[in-house]
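Structural features, examined
If you want the building blocks of each chain, they are given just below.
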Amino acid sequence: MAPVSWSLLPDSARIDAGGGLEIGGCSAAALAAEFGTPVFVYDEGHLRRRCQEAVAAFGRERVVYATKAFLCAAMARLAHEEGLLLDVATGGELFVALRSGVPATSCVLHGNNKSLDELKMALHEGVRHINVDSFDELDRIEYLYSQGAPRARVQLRITPGVHAHTHEYIATGQDDSKFGFNLANGDAQRAVDRARRSGAMELVGLHCHIGSNVFAAESFGHAARLMAAFAAPLGLPELTLGGGLGVAYVQGEEAPSLGRWGEVVLGACREAGVEAAVFVEPGRSIVASAAVTLYTVGTIKDIPGIRRYIAVDGGMSDNPRPVLYGSGYEAFLARAPGAERPARARIVGKHCESGDVLIFDAALPEGVKVGDLLVTPVTGAYGHSMGSNYNKVPRPPVVFVRGGQARLVVRRETYEDLMRCDVG
Ligand SMILES: *Cc1c(COP(=O)(O)O)cnc(C)c1O
C-alpha cells in the first residue's frame, strides 16, 4: 500500500528536517512529548480556511456550523469570528456556545425532541431562530409564549423523502425518519398552516437535512428542487438546505469541495426559482480533515496465520466511529509519514471489548514497534465530540497549532475529573 495520501492530512502538514510529521509548524513528536498521547491536533489555519471557503460559496451568516461535529470554546469562537452561525441541538451545546462568547443571535436551535427547558432557554436568550421538528414542539412554543416567553422566529424542518447514499444511521431525509414534518403525507403543509396562524411564532423559513457524509453533490440538488417546489408558493424569506457534505476518510475517496457544493446547491435553487436566502449547515466538512490523533503504540501481538494486533493508548473512547458505523481510517507513523505501507495489522484500543477497534485492517509500514507514535488523520469530526469516559479513561486534550505555536484549548481530563459528579 502506498504512503498515506497527503490530501487526507491537514493543509499545513509537512515532512520536517528530521523526516517526521509536522503540522502547523510543530513537530508531531514534540507535541506528543509536551501534551502526552492520545491528543487531538487541529491545524487552525485549515479550520479557518474551510470556514472561509464556505462563506465564499454561500455568504456571511448563511453558513451554519453544526457544532455537534466538534465543539469547544476555541472552536465556537473561531467559527463565529469567521462569520458562521452556530447550529446547536441541545441546551448543553447552546450553553457552551454562549459561554464561549458567541451571541445568541448567531445561534440556531435544532433537535427532534427539544425539552420545554431547552426551548425556554433559547427563547429567553434570543437565538436567531428555532428549527421546529414536530407538532409537540409547536405546542411547547405556544405554551411558553402564553407564559411570557418572547415570540419565536422559526423554520420548520421538512423531511423531503430523499434517500441520501450514506450510512443508515446518519441518513435523515427519507420518509421513515424521526426527524421533521413529512412532505409526502401532508404534515409539512399542516405545520406551515399552523405556524402561520400562531401568534406565538413568526414563520421565517423551511429547513431540510438529508443526511451526513453525503458524497453525491447531486443528492443536494435533488433535495433543493423538492424543497423549492414546496417553498416557492409560500414566499418565505429563508430556506436551509442542510445535509452534511461528505469528506474523504481513506485512500481513494473523493468528496466535493465546499465551493463545488455551493455551485450545485445554489445552482439548483436558482433554476427552481428560489428567491429565499439559502442557508447550509456543514459540520464534518469544516473540521474533519483539520485534525489528526496522535497515539502511542503500547502492545503488539502476532497471532500466526490470523493477524497482528497493535494496541494504542486510546480507542473507542476517543473515536467511536469505527464501532458505531464501521467507518474506515488510515494510519501511519509520525516518524515516517512518507513510508510505503506493505504491512497489515488491526489497530485496537485499550478498552475491555473485542469491538474496541480503530482500524480493522490497517496498511502500515514495516517495523512498527512499541513506543512508536501512530497517527490517524481525519479525526477532527465526531471524535472528541462523541468521546466518552468508558473504562474511566480521561478524555484527551485538544491542541490548536499554527505558525509554529501550539495552543492547548481543551486540557486532558484528570482522574479527579472522573469523580467530579460523584456526591454519594
Ligand atoms: C449533523 C447535522 C449537520 C451536519 O452534518 P455533517 O455531516 O457533520 O456536515 C447539519 N445539520 C443538521 C440538522 C445535523 O443534524
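Reference entry: report on the structure contained in this document. Given the structure is predicted, the values throughout are model-derived calculations rather than measurements. (Residues numbered from 1 in each chain as written. Predicted model: local features only at pLDDT ≥ 70, side-chain atom pairs only at ≥ 80, totals over all residues. Heavy atoms only, no water.)

Thoughts on the overall build of the protein chain
From N to C terminus, the protein chain includes 11 helices and 21 strands. Once the C-alpha set of the protein chain is aligned to its principal axes, its extents read approximately 70 × 55 × 45 Å. Contacts in the protein chain between residues at least 24 apart in sequence constitute 70% of all its contacts with a sequence separation of at least 6. Summed over its atoms, the accessible surface of the protein chain is roughly 17,200 Å², and 50% of this surface lies on carbon and sulfur atoms. For the protein chain, the distance from the average site of its 42 positive side-chain charges to the average site of its 48 negative ones is 2 Å. (Helix = DSSP H or I, 4+ residues; strand = E, 2+ residues; numbered from the N terminus. Contact = heavy atoms within 4.5 Å. Areas by Shrake-Rupley, 256 points an atom, 1.4 Å probe, with all protein chains shown as cover. Lys, Arg positive; Asp, Glu negative; His and termini not counted. Charge placed at Lys NZ, Arg CZ, Asp CG, Glu CD.)

Considering empty space enclosed by the protein
Applying the stated rule across the entire model yields 1 cavity of 30 Å³ or more. Put simply, the largest cavity is a space of about 40 Å³. Looking at the largest cavity, the residues that line it are Pro 38, Asp 313, Gly 314, Ser 317, Asp 318, Ser 388, Val 393, Pro 394, Arg 395 and Pro 396. In the lining of the largest cavity, the residues fall into 4 nonpolar, 3 polar and 3 charged. (1 Å grid on protein atoms, 1.4 Å probe; cavity = no way out; pocket = protein on both sides within 12 Å on 5 of 7 lines; lining within 4 Å. Points joined across faces, edges and corners; volume = space filled by probe spheres on them. Nonpolar A, V, L, I, M, F, W, Y, C, P; charged D, E, K, R; others polar.)

Some points on the packing of aromatic side chains
Both the distance between ring centres and the angle between the ring planes are used here to describe each pair of aromatic rings. Evaluation of the coordinates by the stated rule reveals 7 aromatic pairs. A centroid spacing of 5.5 Å and a plane angle of 65° characterise the contact between Phe 220 and Trp 261, whose relative ring orientation is edge-to-face. Of this pair, Phe 220 sits in helix 8 (residues 217-231) while Trp 261 sits in helix 9 (residues 258-271), and the two are 41 residues apart along the sequence. A single burial state applies to Phe 220 and to Trp 261, both of which are buried. With centroids separated by 5.5 Å and ring planes inclined at 75°, the aromatic side chains of Tyr 249 and Tyr 329 adopt a geometry described as edge-to-face. With Tyr 249 in the loop between strand 12 (238-241) and helix 9 and Tyr 329 in the loop between helix 11 (321-325) and strand 16 (332-333), the pair connects residues that are 80 residues apart, well separated along the chain. Judged on exposure class, the residue Tyr 249 and its partner Tyr 329 are both buried. Each residue in the set Tyr 42, Phe 70 and Phe 400 is aromatic and connected to the rest through ring pairs, giving one cluster. Its end group placed over the ring of Phe 279, Arg 62 keeps NZ or CZ at 5.1 Å from the ring centre. (Phe/Tyr/Trp six-rings, centres within 6.5 Å; stacked < 30°, edge-to-face > 60°. Buried < 20%, exposed > 50% of the residue type's maximum accessible area, 1.4 Å probe, protein only. Lys NZ or Arg CZ within 6 Å of the ring centre and 35° of its normal.)

As for the site of the ligand
Taken together, 14 residues sit near the ligand, with Lys 68, Ser 212, Glu 281, Arg 284 and Tyr 382 positioned nearest. Residue His 209 places a side-chain N or O atom 3.3 Å away from a nitrogen atom belonging to the ligand. Backbone polar atom of Arg 284 to an oxygen atom of the ligand: 2.8 Å apart, as the coordinates give it. Considering the ligand on its own, with 390 Å² of exposed area, one finds that the protein chains cover 93% of that surface. (Near = heavy atom within 4 Å. Polar contact = N/O pair within 3.5 Å; in protein donor to acceptor, adjacent residues only side chain to side chain.)

What to know about helix 4 (residues 91-99)
All buried positions along helix 4 are accounted for by Gly 91, Glu 93, Leu 94 and Ala 97. One side of helix 4 holds all its buried residues, which, seen down the axis, span an arc of 160°. Close packing links the buried residues of helix 4 with strand 6 (85-88), strand 7 (107-109) and helix 5 (116-125). (Arc of directions from axis to C-beta.)

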